[in-house]
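Structural features, examined
These are the residues of each chain, in order.
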Amino acid sequence: MTKPFYLTTAIDYANGDPHLGHALEKIGADVMARWRRLGGEPVHFVMGMDEHGQKVLQAAQASGREPAAYTDAISERFESTWRGLACSHDDWIRTTQPRHRAAVTALIERIRERHPEHLFVGDYEGRYCVGCEEFKQDSQIVDGRCTEHPSRELVLTRERNTFFRLSAWQDAVLEAIEAGRFRVEPAIRRNEVLAVLRGGLEDISISRSRLPWGIPFPGGDDETVYVWFDALINYLSATGYPEDGWDRLWPADVHVIGKGITRFHCIIWPAMLMAADLPLPRMVWAHGYVQWGGAKVSKSEGTAVSLDEAVARHGPDALRWFLMREVGFEADGDFTFERFDARYAADLADGLGNLASRVTAMAVKYRDGAIAAGTPPTPLRETAVALVAEYVAAISRHDLRGAAAAIERLVGEADAFVSSSAPWALAKAGQDAELDAVLADLVQVLVRLALMSAPFMPEKARSLWDALGRDGPIEGQWRSAEQPVVGGTTVRKPENLFPK
RNA sequence: GGCCUCGUAGCUCAGGUGGUUAGAGCACCGGACUCAUAAUCCGAGGGUCGAGGGUUCGAAUCCCUCCGGGGCCA
């Protein structure tokens, strides 16, 4: 049995509501997952929650609940949000689950067994920022405050911690990236990571004293595992590690993360795995951020409302389209309702939706929906083949925005072809052979568009697929996009795909 | 503070190993068509390529400084 394509997103920190920034990541990863499944590849797609640490404990206390009850509610809220956005994850991992605790314990014990000198006890004294869950260096402190959380007091803390000898893995991680065994994409993020690695690494504290909301550090004395060290291991615990069969999924094929946490995923995580003599993930893809009207989307006021608003605006598929087509999955992009409305009207309602509507309407009006077989190719066919190839090239290199752009261009080409071939004139003149050829190639383009759109807009693509008289699910049907056979099928007009 | 990155038509972006009049889509304006969700097609207008300086016969493209957005700093 072939190993499934194992794809993960970052697990989100359970101290706030889901926002557009989270949504971009889940949707982008979901597009990747659906693209693979469309081609018939088995996929294992995991998302989840990061639920330990001081900030979660404080958020729970502030809400007057026990941390377990608090994180249950947050987890439920996140997952239902992603389901509402048509995310197709196969598993939902939470760091408070027993399976995760078992994996964390096992991994730490494995490191201790394989490289005992790489876990050591030391004193740590420093100023701790609860906002960051990190000790801050002098370079990050301005006026006695953390630059990230200037409203919070830094806490002078001295404790006995367990350390991980990260410094020992600097060259090995560097080599793995340079050799391409561990890919960091896009290149801009790889360059940043390489610069950090070349600058040298220091050992890191991986336990916390006096913090009960966490996983007990194995062999430790009243310590818990530092929340970041804990969280990274989720990718392994979701495979079932250390139970038999975990290596049917591991190594991960892609970890999808935000650009802000590359250091954890591209330096610390591979070092942890090497210290445990485990294979590295094949790739980390670090996307950019969604800006909200030019400003950073964070956990600040109002952004949680805006995600619900954005979904309600034109439905989940339209939001998915906008985030992929306009915001993109590489660099930062901006979200505004003005742009969202403009894209919805131009790309979807007047674009794909109207094309589907006019083509099927003509097929029904002139031919009762029956598509003729064996018609000679029109110029549209060659154009479509080229654009499908462009789409494949883009999505294969994770250029989701480029793939979406290819969809849009194919819609434009088909609309132009309708104008130039004027099927209504052919019908009036009784040029039946020409009319059949034109309708067949237009319907063929709609089949291609349904397939190309399926990763981005699964529900709308399915509606179109059904209206085109294709049988069964769209999943696994990518092969038919190369040269879809439409002769002999019967189409009907779909319900209004993108109402205005 | 250090390092990195981005800044091109109203908006979203291409271009960028220097070289003819800087491109596309959206929006706006004019025309055409009628199959379609008052949709679509064709055409026109619109930019001193963040600012200043430098290298060069020639710079959006290379160098420096500054301004603004973003990221990282164990």
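Report on the accompanying structure. (Residues numbered from 1 in each chain as written. Chains lettered and ligands numbered in written order. Predicted model: local features only at pLDDT ≥ 70, side-chain atom pairs only at ≥ 80, totals over all residues. Heavy atoms only, no water.)

Quick word on the pairing of strand β14 (residues 254-258)
The element β14 is extensively covered by neighbouring structure, given that 5 of its 5 residues are classed as buried. A two-sided burial pattern is seen for β14, the buried positions comprising Val 254, Val 256 and Gly 258 on one face and His 255 and Ile 257 on the other. Sheet topology note: the strand β1 (residues 5-9)/β14 ladder contains 3 bridges and is parallel. Bridging from a neighbouring strand, Thr 9 pairs with Val 256 of β14. You can see the chain leave β14, run along helix α9 (residues 262-275) and come back into strand β15 (residues 283-287), and the turn it takes is right-handed. (Buried < 20%, exposed > 50% of the residue type's maximum accessible area, 1.4 Å probe, protein only. Helix = DSSP H or I, 4+ residues; strand = E, 2+ residues; numbered from the N terminus. Pairing = 2+ DSSP bridges. Right-handed = clockwise from strand over helix to strand, strands pointing away.)

Points about the packing of helix α13 (residues 379-396) against helix α16 (residues 432-453)
The N-to-C vectors of α13 and α16 enclose an angle of 10 degrees; their axes lie 10 Å apart at closest approach. The angle between α13 and α16 places the two elements in the roughly parallel class. Note on element contacts: α16 touches α13 through Asp 441, Leu 442, Gln 444, Val 445, Arg 448, Leu 451 and Met 452, opposite Leu 380, Arg 381, Ala 384, Val 385, Leu 387, Val 388 and Tyr 391. Residue composition of the contact of α13 with α16, grouped by class: 10 nonpolar, 1 polar and 3 charged. (Axes fitted to C-alpha atoms, helices over the stretch in contact; angles between N-to-C directions. Parallel < 35°, antiparallel > 145°, perpendicular 65-115°, else oblique. Contact = heavy atoms within 4.5 Å. Nonpolar A, V, L, I, M, F, W, Y, C, P; charged D, E, K, R; others polar.)

A few points about the environment of Val 491
When you line up the elements, Val 491 lands in the segment after α17 (458-467). When the C-alpha atoms of Val 491 and Glu 125 are compared, they prove to be 71 Å apart, with 366 residues separating the residues in sequence. In this structure, Val 491 is in contact with Thr 360, Ala 363, Val 364, Gly 369, Ile 371, Val 443, Ala 467 and Leu 468, ignoring residues within four places of it in sequence.

A word on the nonpolar core
Among the nonpolar cores identified, the biggest contains 165 residues, and Phe 164, Phe 229, Leu 236, Leu 323, Phe 335, Tyr 391 and Phe 456 are the most heavily contacted of them. Ranked by residue count, the leading element in this core is α16, at 13 residues. (Core = buried A, V, L, I, M, F, W, Y, C linked by side-chain atoms within 4.5 Å.)

Digging into the pattern of salt bridges
Enumeration over the complete set of coordinates arrives at 38 salt bridges. Here Arg 165 ties to Asp 203 by a salt bridge, and the two come within 3.8 Å at their closest N and O atoms. One end of the pair, Arg 165, is in the loop between β9 (155-164) and α5 (170-178); the other, Asp 203, is in the loop between α6 (187-198) and β11 (204-205), with 38 residues separating them in the sequence. The partner of Arg 397 in a salt bridge is Asp 399, with the nearest N and O atoms 3.4 Å apart. Accessibility expressed as a relative area gives 52% for Arg 397, which makes it exposed. (Salt bridge = Lys/Arg side-chain N within 4 Å of Asp/Glu carboxyl O.)

Some details on the side chain of Thr 9
By the secondary structure assignment, Thr 9 is in strand β1. Classification of Thr 9 as buried rests on a relative accessible area of 1%. For Thr 9, the contacting residues outside a window of four places in its chain are Glu 25, Lys 26, Ala 29, Phe 45, Val 46, Met 47, Tyr 235 and Val 256.

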